[in-house]
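# Breakdown of the fold
The chain contents come next:
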Amino acid sequence: MEKNKKAMFAGGCFWCMVKPFDAYDGVSEVVVGYTGGHVEEPTYEQVCGGATGHYEAVQITYDESKVSYRDLVEAFFMSIDPTDAGGQFHDRGKSYQTAVFYLDEEQKAIAEAYKKELDDSKRFPGEVVTPILPAEPFYKAEEYHQDYYKKNSFRYRMYYEGSGRKQFIEEAWKKPVMTKEELKQTLTPLQYKVTQENGTEPPYQNEFDDHFEEGIYVDVVSKKPLFSSRDKYNSGCGWPAFTKPMNNGFVDEVRDLSHGMFRTEVRSHSANSHLGHVFEDGPKEAGGLRYCINSAALLFIPKDEMEEKGYGEYLKYL
């Protein structure tokens, strides 16, 4: 049963704030527009002029039975520089400032808790300054701004890179909070080789190839959810195989031309850990994909321990 809700975020230029949410299963619509100002139905030119007080923002419609508000908050923060109070990257001024706009007290509490967690992690040298604000009227932007990354993919990529956003995200978000030495002390040599050096463990002789207990598999580095036992099957390949991730937004798929082959690599979105590869030889009735994943990149959380360990909201994936 669908449970549609709204979420609203301002993350600088709204052209760059649609794709991060489109990646998530359960997000049915991402609309770009304007909020937080004092003029009704403003135009793009008025907002850019700075006199209306609006933020460029996105309004998201999502099914909370498929994706949580916390996951959306994390996707938002991972798309911005939350320490910049004056705008985002090359774009300066009020309309390009960041904010989370909550629509109820539950969203407020979740956003504030995530912001504190991020600040406490010391991922950034500066303080996390993105404000958590009550939602105000949202005005849809002109049609040519909607889904800009799809309609004008070349110009979008040029802007995404030229503005400095791409470089910042890769440097600030695609690296673990821990140093290499700290990771080596935390992970086993095999876990480090697989997740940090794109290694591959031996087939069959690994922890989860023949493991079918009910529960979820999380990133061994970030401890963020990745795969469910519900989607695991015995492919005979020698490594854990899944028909899909718990949510497509939890992983990134990257073209891999190493070893003279054309493959699609799978990495965790939360920590950029190398996980394995995805192939098009999976069960046809389940979508035809086989996510071939290294056991060493995973940590298993049994169903009866999920609530206690803070994964209760993911029981719906089992």
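We now turn to the structure provided with this report. This one's a predicted model, so the numbers in the text were calculated from it and none came from an experiment.

Moving on to the overall build of the protein chain. Check the secondary structure of the protein chain and you find ten helices and 17 strands. For 318 residues, the compact-globule estimate of 2.2 N^0.38 gives 20 Å, and the C-alpha radius of gyration of the protein chain, at 20 Å, lies within 12% of that figure. Here the C-alpha coordinates of the protein chain stretch approximately 65 × 40 × 40 Å along the principal axes. Out of the 318 residues in the protein chain, the part that is buried amounts to 51%. Restricting to contacts in the protein chain with at least 6 residues of sequence separation, those with at least 24 account for 68%. A gap of 3 Å separates the mean positions of the 38 positive and 53 negative side-chain charges of the protein chain.

Summed over the entire model, instances satisfying the criterion amount to 24 aromatic pairs. Their ring planes at 45° and their centres at 5.8 Å tell us that Phe 14 and Tyr 34 sit as a pair that is tilted. With a gap of 20 residues between them, Phe 14 in the loop between β1 (4-11) and α1 (19-22) and Tyr 34 in strand β2 (residues 27-35) connect regions that are remote in the sequence. Taken individually, Phe 14 and Tyr 34 each receive the classification buried, so the pair is uniform in this respect. Note on Phe 227 and Tyr 291: the rings are 6.1 Å apart at their centroids and 55° apart in plane angle, and the pair reads as tilted. Of this pair, Phe 227 sits in strand β10 (residues 225-228) while Tyr 291 sits in strand β16 (residues 290-293); the two residues are 64 residues apart in sequence, bridging distant segments of the chain.

Let us now look at the sheet that holds β2. Strand order across the open sheet formed by six strands is β7-β6-β1-β3-β2-β8, with mixed pairing between neighbours. The open sheet terminates on both sides in strands that have one partner only, identified here as β7 (132-134) and β8 (138-140). For this sheet, the mean angle separating the axes of adjacent strands, direction not counted, is 40°. Its contacts with the sheet put helix α3 (residues 69-77) on β1, β2, β3 (55-63) and β6 (98-102), and the angle it makes with β1 is roughly 20°.

All right, on to the pattern of salt bridges then. Here the structure, examined in full by the defined rule, presents 17 salt bridges. Between Lys 5 and Glu 106 there is a salt bridge, with the nearest N and O atoms lying 4.0 Å from each other. Highlighted residues: Lys 5 in strand β1 and Glu 106 in helix α4 (residues 105-121), separated in sequence by 101 residues. Close ionic contact of Asp 256 with Arg 263 constitutes a salt bridge, the shortest N to O distance being 3.4 Å. Neither residue differs from the other here; Asp 256 and Arg 263 are each classed as buried.

All buried positions along helix α7 (residues 165-172) are accounted for by Arg 165, Phe 168, Ile 169 and Ala 172. Seen along its axis, α7 keeps its buried residues to an arc of 95°; they face one direction. At its buried positions, α7 is contacted by β1, β4 (87-88) and α6 (153-162).

So, how was this worked out
Residues numbered from 1 in each chain as written. Predicted model: local features only at pLDDT ≥ 70, side-chain atom pairs only at ≥ 80, totals over all residues. Heavy atoms only, no water. Helix = DSSP H or I, 4+ residues; strand = E, 2+ residues; numbered from the N terminus. Rg over C-alpha atoms; globule rule 2.2 N^0.38 Å. Buried < 20%, exposed > 50% of the residue type's maximum accessible area, 1.4 Å probe, protein only. Contact = heavy atoms within 4.5 Å. Lys, Arg positive; Asp, Glu negative; His and termini not counted. Charge placed at Lys NZ, Arg CZ, Asp CG, Glu CD. Phe/Tyr/Trp six-rings, centres within 6.5 Å; stacked < 30°, edge-to-face > 60°. Pairing = 2+ DSSP bridges. Axes fitted to C-alpha atoms, helices over the stretch in contact; angles between N-to-C directions. Salt bridge = Lys/Arg side-chain N within 4 Å of Asp/Glu carboxyl O. Arc of directions from axis to C-beta.

Read these as layout, nothing more, since geometry by itself doesn't imply function.
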